[in-house]
Amino acid sequence: MHNIVQIGATIAELRTERGLKQKQLSAILGMSPGNLSNYEHGVYWPALDTLCKIADLFNVSTDFLLGRTGFRCPPDTFTAYITPDYTIHHIVNILLALDSSSLDAVLKFACYLKDTGEAAKPPGKQPCRKPAVSSGKTDQLRSSRP
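Quick look at the structure, then. From a predicted model like this one, the values you see are computed outputs, not experimental measurements.

**Quick notes on the overall build of the protein chain**
Each helix and strand in the protein chain was counted, giving eight helices and zero strands. Going residue by residue from the N terminus, the α and β elements of the protein chain occur as α-α-α-α-α-α-α-α. Within the protein chain, the proportion of its 146 residues that are buried is 24%. Long-range pairs, those at least 24 residues apart, make up 46% of the contacts in the protein chain between residues at least 6 apart in sequence.

Laid out in structure tokens, this is it:
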């Protein structure tokens, strides 16, 4: 878990990414600019309700703010349907159940579809590329199993 200074730095980073000044964010959160400054500089921990408000405002999970995960997306993202029958959660679980060679085949096929689907390819997007470390993503995916 991140320490108090790292949590504050994450809050400050999210605030600046959104183009907000401390005074603006503190008004949105209903607190004094001094309190927000204390959070961002690691003087105090935000209260749980404040942490939840910050997570909701920036559309990140509280786990991301606390440093428990590097994924910004909130958990409800995984309940979004990407096809009529499958949520992102379903797809992730299917991928986790595959052996390494099958997972490699699925990823290569997905990249092939992405790269050859001219109608679906947004302009300016780079083609699918293999990660620099060939098994890195597979290992990360597999290490996230419960």
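**Details of helix H2 (residues 22-29)**
Within the sequence span of H2, burial applies to Leu 25, Ser 26 and Leu 29. End-on, the buried residues of H2 take up no more than an arc of 100°, which puts them together on one face. Residues of H2 that are exposed and angled more than 90 degrees away from the buried face: Lys 23, Ala 27 and Ile 28. The inward-facing, buried residues of H2 contact helix H1 (4-17), helix H3 (33-40) and helix H4 (48-58). Remark: Gly 30 follows H2 within two positions and exhibits a positive phi of approximately 70°.

**Thoughts on the nonpolar core**
Most often, soluble globular proteins keep nonpolar side chains buried together rather than apart. If you look at the biggest cluster of nonpolar residues, it comprises 17 residues, and the most contacted ones within it are Phe 58, Val 60 and Leu 65. Within the residue set of this core, elements represented by two or more residues are H1, H2, H3, H4 and helix H5 (62-66). Among the elements that take part in this core, H4 stands out by supplying four residues, more than any other. With near-sequence residues (within four places) excluded, Leu 65 lies in contact with Ile 7, Thr 10, Ile 11, Leu 14, Leu 51, Ile 54, Ala 55 and Val 60.

Criteria and thresholds
Residues numbered from 1 in each chain as written. Predicted model: local features only at pLDDT ≥ 70, side-chain atom pairs only at ≥ 80, totals over all residues. Heavy atoms only, no water. Helix = DSSP H or I, 4+ residues; strand = E, 2+ residues; numbered from the N terminus. Buried < 20%, exposed > 50% of the residue type's maximum accessible area, 1.4 Å probe, protein only. Contact = heavy atoms within 4.5 Å. Arc of directions from axis to C-beta. Core = buried A, V, L, I, M, F, W, Y, C linked by side-chain atoms within 4.5 Å.

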